[in-house]
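Chain and residue survey
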Amino acid sequence: MEEINKTYQDDLILFVNGKKIVEKNAEPELPLLTYLRKKLCLTGAKLGCAEGGCGACTVMVSKFDSDRKIIVHKALNACLAPVCSLHLCAVTTVEGIGSVARKLHPVQERIAKAHGSQCGFCTPGIVMSMYALLRNNAQPTMRDIEEAFQGNLCRCTGYRPILEGYKTFTKQQKGCCLRGEAGVCHVISVQKEETQSGDSTNSVQQLFNPSEFMPLDPTQEIIFPPELMSLSKQPVRELRFIGERVQWIQPSSLANLLQLKAENPAAKLVVGNTEVGIEMKFKNLLYPVILAPAYIPELNSIQYTENGIVFGACVTLTLLGDVLHTAVDELPSYQTEVFQAVLQQLRWFAGQQIRNVAAIGGNIMTASPISDLNPVFMAAGCKLTLMSKEGIRVLPMDDKFFIDYRKTALKPEEILLCIEIPYTKKGQYFSAFKQSSRKEDDIAIVTCGMNVVFLEGSNIVQDMHLSYGGMGPTTVLASATSRRLVGRQWDDTLMQDACSFLAEEMTLSPCAPGGMVAYRRTLTVSLFFKFFLTVQHKLAQEDLSAEDVRADYASAIDLSHMDSPTSIQLFQAVPSGQKVDDMIGRPIMHLSAMKQATGEAVYCDDIPCYENELYLALVTSSKPHAYIKSIDTSDAMAVPGVVTFVCDQDIPGSNKTGPAVYDETVLAEDKVTCVGHIVGAVVADTQAHAQRAAKAVRISYEDLQPVIVTIQDAIASESFYQPIRTIERGDLTQGFQEADNILQGEIHIGGQEHFYLETNCTVAVPRGEDGEMELFVSTQSAAKTQALVAKALGVPASHIVCRVKRMGGGFGGKESRSSILSTVVAVAAHKVKRPVRCMLDREEDMLVTGGRHPFFGRYKVGFKRNGKVMAVDVTYYSNAGNSADLSLSIMERALFHMDNCYNIPHIRGTGYICRTNLPSNTAFRGFGGPQGMMVTESWMNDVALACGLAAEQVREMNMYKQGDLTPFHQRLEQFTIHRCWQECLTISDFCQRKANIELYNKQHRWTKRGLSIIPTKFGISFTAVFLNQAGALVHIYTDGSVLITHGGTEMGQGLHTKMVQVASRTLEIPSTKIHISETSTNTVPNTSPTAASASSDLNGMAVYNACKTLLQRLEPYKARNPTGCWENWVTAAYFDRVNLSANGFYKTPDLGYNFETNSGHPFNYFSYGVAVSEVEIDCLTGSHKNLHTSIVMDVGKSLNPALDIGQVEGAFMQGVGLFTLEELRYSSQGYLYTRGPGMYKIPAFGDIPTELKVSLLRDAPNDKAIFSSKAVGEPPLFLAASVFYAIKDAITAARTDAGVLGPFRLDSPATPERIRNACQDTFTKLCPPPEPGTYAPWDVRV
Ligand SMILES: Cc1cc2nc3c(=O)[nH]c(=O)nc-3n(C[C@H](O)[C@H](O)[C@H](O)COP(=O)(O)OP(=O)(O)OC[C@H]3O[C@@H](n4cnc5c(N)ncnc54)[C@H](O)[C@@H]3O)c2cc1C
Ligand code: FES
Ligand code: FES
């Protein structure tokens, strides 16, 4: 490549929140997000993934479009946008639109007040997506809002409250909350329910009051800077920004671009950077010269020709969609078949933020085999115009254009100028289909464009093009199939032959990258069948086909439509006499919600950098099991800014670590036992330098055997941690003898990534004296972090302070595994004697920190003909990974939940914890309970199917009654499951729903509906007895303000809010006088992790006790001055030298269980709940829709119904992810493929049930916890199993149609692949799975 003139550097000019910024040294490799956060200290926008997949970094960018003479506002991902791409743009961040001190913007206010912000880490991004939408459309529809959020994820809320809050901006919602069904006001519908239940003592209030909301006033928005307007109108000139390794050139014209490309054929064109950004960040590719042609008019032009519409290569996907929508509206339908297909693909193409910047040319030129647009363009015969300095050439987009994996026929000096998308003609039909794991923002598994042309006035095929993505290294054409169909009539025989031909032609190696081989092949056929039916229907409408589509087949061609969600929340209002200042039981907002919505809430990585701070990047193993032969850091040390490499030799104290047993190392010594094992760390001046250097560290290994990755491997090698636990009650032999039938079955439940939006983060600050160190950590376990850091540094725990302000979600993932990062950062800080920071990248976090344990259950169940279960023998295996971590307690909890809500006279559960070469798995909301109960429901479902009885009937018949004993001999008191069950049947209208489904299923062959009701019982307490303790420290200051610290940490669940409510009631003061600043080990020592759902119970009692002590001390002053106020009493006590600081302590009484004798109490009490779910599956693709869920949850007397409903819905949606969507995929060598939101899909906005009812059980006080409340964090998660079993019910209906009857195995998650494969039919028979054992699959189930 020729040397590019490096002599000058242009100034980058941009405006941020109305302020002009002139950047003299713009760095082309720097994303806007880093620039905002680190350079401008605007930390509102968050880093969640760095790959455009979570939306936490969303900002709005405005620029003047000189062609259209308008100002364009668009939401984009600041993590992918290079700062250099923003020359002459105005950036608006969450800080720019409102603040708590100044005034909240309505968008910020509504998400906060509607309880749409829990941990708050996603909130700024969601706020900015909504803000950008409103800047373009002040009265959006619900559909607009749903589309605006396609690129945003939230892991806490379950999305419902966010949509409810923002529904108030829509036109139809003005004047009424309209949260009820079918447009009925929520208040009206709720009150109707209340009256029906006949309770007159309680009224119902709303979770929020929309009439309090500030109106949206579009005239008050920040204006586009006038200076920018005039700068934008000036003639364009070439710009150069020169960085450390890369230079960015913005050509002034097309000729200038072609000249530069001729001089530098290797230079990379970058438009939206949504592909190149990923390559540079994750694939370690470096493009030293970048040409940014986004501003060149010819590349942005849109021309209408005789044959179609020609789009310049830089036209964004959003603009492409807008233009095609207009064309579809204006032109006759037969002319726009291809346009409609492109729009269909665009609807499910990434999220809005990506579509707003990604270009049509970028999609084509990436040449990805799973591009959504290329199969459409190929099947449609689009024409591409290529250009170089030498001239123009026009190529048809056919199978010669894509020459290999991500390679095209483009010559190095050429660029893509434009693409022509043709009109269709009469007698031509076109469809596009995309199948992915998740509907919204997901890459395709298989995607296709299908084009057929008939001889005029007939149904005889004249020409045909079927193009598929996801079936090879390039987009492919099924040319042989198409050729064989030309000249034939469009009838059933053609369809059957076409499917056989496709099955022959669209083959895949059994080891093909991406796996799912049988499914992908089946999809090629099933999607063709959909195309066949679509065309048959259109032909019939034109009287060109003898038969129309059969009525029961019609739903196969309905394009996925989603109704906007509706919801109802039912909760008990506080008694009418309750004091107004007494906040217990009221749905008050999360205390940080407003700060979270404005971006002012401070998370660990938002703490301003210390002056001499350094950044740390981990160096991890690429081998699952190996000796480390050598570590070569020479290249790493040569990276600018690198200060040191940290290895095990640098640990001053002990390298042994672990939360329960010390069976891990802080840094590997001579051996690694998983891919992702931490070997060392590089410390450098910036994150970019540290990460670059970490990648340059070369480790040589000597492979070791065995490599145990899956549970099956571990069983074969008997690789288990000890002890092997058993709980047994009754006499199994007798039980099986008493049974009429015995069946055996298996279920595998996949693991789950926590995907807290904020990854693990630590800032370690050495204090310079006595080995003291202060740590700011995103952890659920401040005391454990303190202890393990002290151990590694070889200092007493008293010299280490760990502080936690808040977390951006935890879910168990920051209970024990956060300390593996904290200890490394602390060791590094100790070594360099400077503050060191590290926030893990999403891919590192997913790789290193483990997740929920995968479980495998094998069972034998004996039952009577009427469904009564007599005996169950179940063996659980969990995949624990390479260290024990908390796996024993997790297995114990699985065993404690093996009965779920059923009274089985003879039962035995045995739990094996598999030691494998995977990163150690750990705590995750539910802590083994959901896995334990999932196996239970599997055998319960099998029993119902085997008996031919309704599953709900069998479940109810086997249910416990009040006073029954569990297999571990704990008596069930205050047993509310039957009340929950009955109420759930009622509010879900179960019987009517079931009848409707039966009818629906009779009338539909290719879509089926299913229904299920599932109960749950969840034991509350840490099963490690010593952890059931908590402390609190309460200070009253002389102005009457109160500061509380307690042992629990805030991760979005609203614990601090509840603690303030507890203190407010106890001290009898308004909650506004009470503050919680943080959790710290120097205020409350020896805290238990915030886990096991028990934190409100434990810390609530500790806070209560401390407040009671203080109240007693104030009592004399109150008595002396009964008409005085709080401040008077406090002042009087102070002058009387009364200690206005007290600590409180609490331990749960009567706990302790002995596995040897199967005696004692493991739990303080149980939480109960029931859910009904209805789903619809597409039997041809395996997709499903969640149509309805009703949940009734017993949370005792709710401390705060808004927070509790938030926990119920959030946990439920996390469970929906666990059981239907989220799939961690590993190679047989333990390499994790799914390391970010691109490949690992958590539920998105579109996955919530279309209709969701949540009811907190009324009049169910719990005498075992603070103010009669109950724990709520984990118990509702398992209720998502109702969705799984509804899917299984729907599959059963499909199998029945195909003549396949009886119990069948369905592993979790019920992904589209599993659903499709289970719906056996003629198409699946054409594509049988490869014979196991005859090939090395791309991925294995761990
Ligand atoms: C979160 C996320 C979700 C995504 N979802 C989808 C999806 O659902 N479906 C899908 O198909 N893709 C998806 N993608 C991939 C990507 O967004 C698209 O391929 C996009 O269209 C690329 O456009 P861009 O302008 O950002 O490309 P860039 O990254 O700027 O460039 C991509 C490539 O095209 C080349 N190029 C660009 N313009 C020209 C030109 N005029 N001449 C020659 N070469 C050129 C570049 O040099 C580069 O090699 C997704 C990406 C992300 C990050
Ligand atoms: S951080 Fe940008 S999308 Fe996730
Ligand atoms: S509130 Fe959305 S991720 Fe926590």
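Before any of the text, the structure's been laid out above.
My aim in this report is to walk through the structure given alongside it, one point at a time. Predicted model only: the values in this text are computed from it and were never measured.

Helix and strand counts for the protein stand at 39 helices and 49 strands. Computed over C-alpha atoms, the radius of gyration of the protein comes to 31 Å, within 12% of the 34 Å expected from 2.2 N^0.38 for 1342 residues, which places it in the range of a compact globule. Principal-axis analysis of the C-alpha atoms gives the protein an extent of 95 × 80 × 70 Å. Counting across all 1342 residues of the protein, residues that qualify as buried make up 65%. Within the protein, contacts between residues at least 6 apart in sequence are counted, and of these 78% link residues at least 24 apart.

What follows deals with the packing of aromatic side chains. Summed over the entire model, instances satisfying the criterion amount to 41 aromatic pairs. The interplanar angle of 15 degrees and the centroid separation of 5.1 Å between the aromatic rings of Tyr877 and Tyr912 together place this pair among those described as stacked. Of this pair, Tyr877 sits in strand β37 (residues 869-881) while Tyr912 sits in strand β38 (residues 906-915); the two residues are 35 residues apart in sequence, bridging distant segments of the chain. Its relative accessible area of 22% is what places Tyr912 among the partly exposed residues. Measuring from ring centre to ring centre gives 5.9 Å for Phe968 and Phe1163, while their planes differ by 75 degrees; the resulting arrangement is edge-to-face. Taken together, the positions of Phe968 in the loop between α30 (951-957) and α31 (977-987) and Phe1163 in the loop between β46 (1159-1161) and β47 (1165-1178) put the pair 195 residues apart, joining distant regions of the chain. Of the two residues, Phe968 and Phe1163, neither departs from the other in class, the shared state being buried. A connected cluster of aromatic rings, assembled from ring pairs, spans Phe896, Tyr960, Phe968, Phe975, Tyr1153, Phe1155, Phe1163, Phe1166 and Tyr1168. Here Arg842 stacks its cationic end above the ring of Phe755, 4.1 Å away from the centre of that ring. Its guanidinium or amino end placed over the ring of Tyr1285, Arg955 lies 5.5 Å from that ring's centre, counting from NZ or CZ.

Below, the discussion takes up the site of ligand 1. Around ligand 1, a shell composed of 30 residues is seen, among which Leu269, Val271, Thr274, Glu275 and Asp372 lie nearest. Taking Ala350, its main chain carries an N or O atom lying 3.1 Å from an oxygen atom of ligand 1. Here an oxygen atom of ligand 1 sits 2.9 Å away from a polar atom, N or O, in the main chain of Ala359. Contact with the protein chains hides 92% of the accessible area of ligand 1, taken as 980 Å² for the molecule alone. The set of elements that each furnish at least two residues to the shell around ligand 1 consists of β8 (268-269), α15 (360-366) and β16 (415-422). If one sorts the elements of the shell around ligand 1 by residue count, α15 sits on top with four residues. Among the residues making up the shell around ligand 1, the classes are represented as 15 nonpolar, eight polar and seven charged.

The five strands lie next to each other as β30-β38-β37-β36-β31, forming an open sheet whose pairing is mixed. The outermost strands of the open sheet, each flanked by one partner alone, are β30 (720-729) and β31 (741-749). The average angle at which neighbouring strand axes cross in this sheet is 10 degrees, direction not considered. Relative to β37, strand β36 (residues 855-863) runs antiparallel, the two being bridged by nine bridges. Within β37, the position partnered with Gly862 by the bridge is Ala871. Each of β31, β36 and β37 touches helix α29 (residues 929-947); the most contacted strand, β36, lies at about 40 degrees to it.

Conventions adopted
- Residues numbered from 1 in each chain as written.
- Chains lettered and ligands numbered in written order.
- Predicted model: local features only at pLDDT ≥ 70, side-chain atom pairs only at ≥ 80, totals over all residues.
- Heavy atoms only, no water.
- Helix = DSSP H or I, 4+ residues; strand = E, 2+ residues; numbered from the N terminus.
- Rg over C-alpha atoms; globule rule 2.2 N^0.38 Å.
- Buried < 20%, exposed > 50% of the residue type's maximum accessible area, 1.4 Å probe, protein only.
- Contact = heavy atoms within 4.5 Å.
- Phe/Tyr/Trp six-rings, centres within 6.5 Å; stacked < 30°, edge-to-face > 60°.
- Lys NZ or Arg CZ within 6 Å of the ring centre and 35° of its normal.
- Near = heavy atom within 4 Å.
- Polar contact = N/O pair within 3.5 Å; in protein donor to acceptor, adjacent residues only side chain to side chain.
- Areas by Shrake-Rupley, 256 points an atom, 1.4 Å probe, with all protein chains shown as cover.
- Nonpolar A, V, L, I, M, F, W, Y, C, P; charged D, E, K, R; others polar.
- Pairing = 2+ DSSP bridges.
- Axes fitted to C-alpha atoms, helices over the stretch in contact; angles between N-to-C directions.

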